[in-house]
Amino acid sequence: MFYESPVGVPSYVGIEYIAQTVAAHAGMAALEKGELVRVGFLLGTRRYACRVPYFPLGALLTVRVRPIFLAPHISKFKGSILEAGKGELASCAVTVYLRDGTEGKP
């Protein structure tokens, strides 16, 4: 969807790669505790830095996240994107909001 021929995926999409990895992490953590997977929202990103303007087609990327701060609704994660043989290409911190399903209910 974001691919721009012939150069690749613009590096700003890396923020979404990291956010989606946070979502997978949160979902897996919920399932491990026997809880329901909750809907989450990206609230913000801090200090996104990327060494490349594009992620090339066929690049083997690894996205890693680790929690910095965990609370029931608001959490912060440090994320990075690595390419095999090239090391870290991008990094940032993301803040997310996880719904519990009670928002807007009396």
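Look a little higher up for the structure.
Residues numbered from 1 in each chain as written. Predicted model: local features only at pLDDT ≥ 70, side-chain atom pairs only at ≥ 80, totals over all residues. Heavy atoms only, no water.

(A) Here's a closer look at unusual backbone geometry. Of the consecutive residues serine 5 and proline 6, the connecting peptide bond is found in the cis state with omega at 0°. With respect to the helices and strands, proline 6 occurs in the segment before β1 (9–10). Of note, arginine 47 is a non-glycine position whose phi angle comes to about 55°, a positive value. Within the fold, arginine 47 resides in strand β2 (residues 40–50). Judged by its relative accessible area of 72%, arginine 47 is exposed. (Helix = DSSP H or I, 4+ residues; strand = E, 2+ residues; numbered from the N terminus. Buried < 20%, exposed > 50% of the residue type's maximum accessible area, 1.4 Å probe, protein only.)

(B) The arrangement of the layout of surface pockets in detail. Roughly 520 Å³ of internal volume is contained in the largest pocket. What lines the largest pocket is a set of 24 residues, among which Val22, Ala26, Gly27, Val96 and Leu98 lie closest to the centre. The set of elements that each furnish at least two residues to the lining of the largest pocket consists of α1 (14–32), β2, β5 (74–83) and β6 (87–98). Here the lining of the largest pocket gets 10 residues from one element, more than from any other, and that element is α1. Looking at the lining of the largest pocket residue by residue, the class counts come to 15 nonpolar, five polar and four charged. (1 Å grid on protein atoms, 1.4 Å probe; cavity = no way out; pocket = protein on both sides within 12 Å on 5 of 7 lines; lining within 4 Å. Points joined across faces, edges and corners; volume = space filled by probe spheres on them. Nonpolar A, V, L, I, M, F, W, Y, C, P; charged D, E, K, R; others polar.)

From the geometry alone we can't say anything about function, so treat these as descriptive.
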